[in-house]
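# Structural characterization, general
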Amino acid sequence: MKFFETSKYFTLKKSTYINLRWIAIIGQLITINVIYFIFSFKFDLILENLIILIGVLTNLYLIYIHQRTQLLDKEAFYFLLIDVLQLSCLIYLTGGITNPFSIFLIIPAIFSSSCLGFKSNSLLVVITVLIILFLTFFNYPLPFPVNEHFHVDAYYYYSIPISLTVALIFLNYFALKFGIESRLRKEALNKMQEIMSKEHELLSLGGQAAAAAHSLGTPFSTIKIIATDLLTQFKDNKEVKKDIELLGSQIDRCGEILKKLTLNPIIEDDFIDRDITISNYVKEIVKSFQETGKKEFIVNYDQNSNPLNITKSIEIVYGMRNFIGNANKFAKTKVFISVKSDSNFTEIIIEDDGKGYPSDVLRKIGEPYIKSFKSLNNLKSGLGLGIFIGKTLLEKNYANIVCRNSKTRSGAEVSIKWKNKDLLDL
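Just so it is clear, the structure is predicted and the values come from calculations on it, not from any experiment. (Residues numbered from 1 in each chain as written. Predicted model: local features only at pLDDT ≥ 70, side-chain atom pairs only at ≥ 80, totals over all residues. Heavy atoms only, no water.)

Our focus in this paragraph is the overall build of the chain. In terms of regular secondary structure, the chain is built from 15 helices and 7 strands. Relative to all contacts within the chain whose residues are 6 or more apart in sequence, the contacts with residues 24 or more apart total 72%. For the chain, the accessible area works out to roughly 25,200 Å², and carbon and sulfur atoms hold 62% of it. (Helix = DSSP H or I, 4+ residues; strand = E, 2+ residues; numbered from the N terminus. Contact = heavy atoms within 4.5 Å. Areas by Shrake-Rupley, 256 points an atom, 1.4 Å probe, with all protein chains shown as cover.)

Set out below in structure tokens:
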């Protein structure tokens, strides 16, 4: 089993890392030389600058010898380890843990939590803690003249490495946690974009198929007429008659294939080609679920007093479909949908007669990859990706989404609400 991670997520952009290292190296050079020449502190200046030179050489190696634009997990770990060791040598020569710049020892390990795998990051944290402990007990004294005036109680002295260690662990945990959530969200957004791309491709394919069916209709009809005439002329020739009948059947088959590729084989598809109302969206989506499932859909349009024709949007279709599909999945027998509109707002309320959102999931609704610990059926509980995609797509199109448990029914309730002026701007 490999120790270092090979996932695409655990890489570090080389150019960014090189720039950060140059900033650190320049800062070290300025600090060391200003303290020595301006403030007249006494320490081994040549050795300190030679240690900084190690950082310069490793950066030059990254620029001129390392060919890849990304540092893999293993490579990034080694270079971050070099950073920690280089800085620890500088601090070792200038007071050890009492050097105020010792706080910088924890930065590489914290930085690694967002770009390295868990194992690499954990190893770097452990090494950093060991270095902090080493510098606590072994170090050169603070430079003259500070060492003559710096005297602290042992309790305070040993609290410094303890505080650095605690800060390192907590900051590393927080950075690691946020990094994981960021990667999950990025993955979910990539899946959403992939799905939307497929939807656009399918829509484009349907339009092209409809155009092809329309364009090929005339030549197919002509071929069919000619084949019928030939069949009449050669009705007494069994071999020729058989070939002509086969030709006619294949023409019919071509026509059927083209019809199946279109969304509507007989007339132009108004659902695709013209502006429609929100209620039309709901009707089409509900119809697709009724054809494939056994749940009962009860749709109420009584309060839809101001239906607006809006531009067809695949994002709205897919977003609404995700919420309606979620209700269909978790409902026992019925899904209730209410479409409301007035002069200012348009709203869709989706309810089901299922068990509703678990309490541990409700507060995290809208986040990807969430799972209830209370669900008895893990296969049906889902990971929240559908709601995340639906919420993201609809909010991108100016909708306000509220997910809660229904006060009037046993199941979940989703409210999707737009300002009419936002709908007209789509």
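All right, on to helix α1 (residues 14–37) then. Along an α-helix, residues three or four positions apart point the same way, because every turn accommodates 3.6 residues. Here α1 is 24 residues long and its end C-alpha atoms lie 34 Å apart, about the 34 Å a rise of 1.5 Å per residue gives. When we look at burial in α1, the residues that qualify are Lys14, Tyr17, Ile18, Arg21, Ile25, Gln28 and Ile32. (Expected span 1.5 Å × (residues − 1). Buried < 20%, exposed > 50% of the residue type's maximum accessible area, 1.4 Å probe, protein only.)

Let us now look at unusual backbone geometry. Phenylalanine 144 connects to proline 145 through a cis peptide bond whose omega is 10°. For serine 40, which is not glycine, the phi dihedral falls at a positive 60°. Looking at serine 40, the relative accessible area reads 39%, which means it is partly exposed. Despite not being glycine, tyrosine 398 shows a phi value in the positive range, around 70°. Among the secondary structure elements, tyrosine 398 is positioned in the loop between α14 (385–396) and β6 (400–405).

A separate point is the nonpolar core. Tyr17 and Leu124 are the most contacted members of the largest nonpolar core, which totals 38 residues. Those elements giving two or more residues to this core turn out to be α1, α2 (45–64), α3 (73–92), α5 (118–137) and α7 (154–233). With 9 residues, the single largest contributor to this core is α3. Ranked by size, the runner-up nonpolar core spans 35 residues in total, among them Val335, Ile387, Ala412 and Trp418. (Core = buried A, V, L, I, M, F, W, Y, C linked by side-chain atoms within 4.5 Å.)

Space inside the largest pocket adds up to approximately 860 Å³. Lining the largest pocket are 33 residues, and of these Ala24, Gln28, Leu87, Phe101 and Phe104 sit closest to its centre. Counting only elements with at least two residues in the lining of the largest pocket, the list comes to α1, α2, α3 and α4 (107–112). When grouped by side-chain class, the residues that make up the lining of the largest pocket number 23 nonpolar, 7 polar and 3 charged. (1 Å grid on protein atoms, 1.4 Å probe; cavity = no way out; pocket = protein on both sides within 12 Å on 5 of 7 lines; lining within 4 Å. Points joined across faces, edges and corners; volume = space filled by probe spheres on them. Nonpolar A, V, L, I, M, F, W, Y, C, P; charged D, E, K, R; others polar.)

Right, let's talk about the sheet that holds strand β7 (residues 412–419) for a bit. Reading across from one edge, β3-β4-β5-β7-β6 is the order of the 5 strands in this open sheet, with mixed pairing throughout. At either margin of the open sheet sits one strand with a lone partner, and together these are β3 (296–300) and β6. Here the strands of the sheet are splayed against their neighbours by 15° on average, with no regard to which way each runs. Relative to strand β5 (residues 345–352), strand β4 (residues 334–341) is paired through 7 bridges, and the arrangement is antiparallel. Each residue of the ladder has a partner; that of valine 339, found in β5, is isoleucine 348. In this fold helix α10 (residues 278–292) packs onto β3, β4, β5 and β7, with an angle of close to 170° to the strand it touches most, β3. Here helix α11 (residues 314–330) sits on the sheet and contacts β3, β4, β5, β6 and β7; the angle it forms with β5, its principal contact strand, is near 25°. (Pairing = 2+ DSSP bridges. Axes fitted to C-alpha atoms, helices over the stretch in contact; angles between N-to-C directions.)

This next bit is on the pairing of β4. β4 sits mainly inside the fold: 6 of its 8 residues count as buried. By the bridge criterion, 5 bridges tie β3 to β4 in an arrangement that is parallel. What sits directly across from valine 299, in β4, is isoleucine 337. A crossover links β3 with its parallel partner β4, the connecting element being α11, and its sense is left-handed. From the end of β4 to the start of β5, which pair antiparallel, there are 3 residues. (Right-handed = clockwise from strand over helix to strand, strands pointing away.)

This part takes up the side chain of histidine 66. Looking at the secondary structure, you find histidine 66 in the loop between α2 and β2 (70–72). Here the side chain of histidine 66 touches glutamate 75 through a polar contact of 3.3 Å, side chain to side chain. Not counting residues up to four positions away in its chain, the partners in contact with histidine 66 are Lys14, Tyr61, Leu71 and Glu75. (Polar contact = N/O pair within 3.5 Å; in protein donor to acceptor, adjacent residues only side chain to side chain.)

Of note, lysine 355 is situated in the loop between β5 and α12 (359–362). Through-space distance from the C-alpha of lysine 355 to that of serine 406 is 9.9 Å; in sequence the pair is 51 residues apart. For lysine 355, the residues in contact, after removing those within four places along its chain, are Ser410 and Gly411.

Let's shift gears to empty space enclosed by the protein. Using the criterion set out here, one finds 2 cavities of 30 Å³ or more in the structure. Approximately 40 Å³ is the volume attributed to the largest cavity. Every element with two or more residues in the lining of the largest cavity is listed here: α10 and β4. In terms of residue class, the lining of the largest cavity is built from 4 nonpolar, 6 polar and no charged. By volume, the second largest cavity is sized at about 30 Å³.

Tallying each qualifying case throughout the model produces 14 aromatic pairs. Seen in terms of ring centroids, phenylalanine 170 and phenylalanine 174 are 6.2 Å apart; in terms of plane orientation they differ by 55°. Their pairing is tilted. Highlighted residues: phenylalanine 170 and phenylalanine 174, both in helix α7, separated by 4 residues, approximately one helical turn. According to the relative accessible area criterion, phenylalanine 174 is partly exposed, its value standing at 41%. One aromatic cluster is present, built from ring pairs that chain together Tyr92, Phe134, Phe138 and Tyr140. For arginine 409, the ring lying beneath its charged end belongs to phenylalanine 336, and the centroid distance is 3.7 Å. Across from the ring centre of phenylalanine 345, 4.6 Å away, lies the NZ or CZ of lysine 417, which sits over that ring. (Phe/Tyr/Trp six-rings, centres within 6.5 Å; stacked < 30°, edge-to-face > 60°. Lys NZ or Arg CZ within 6 Å of the ring centre and 35° of its normal.)

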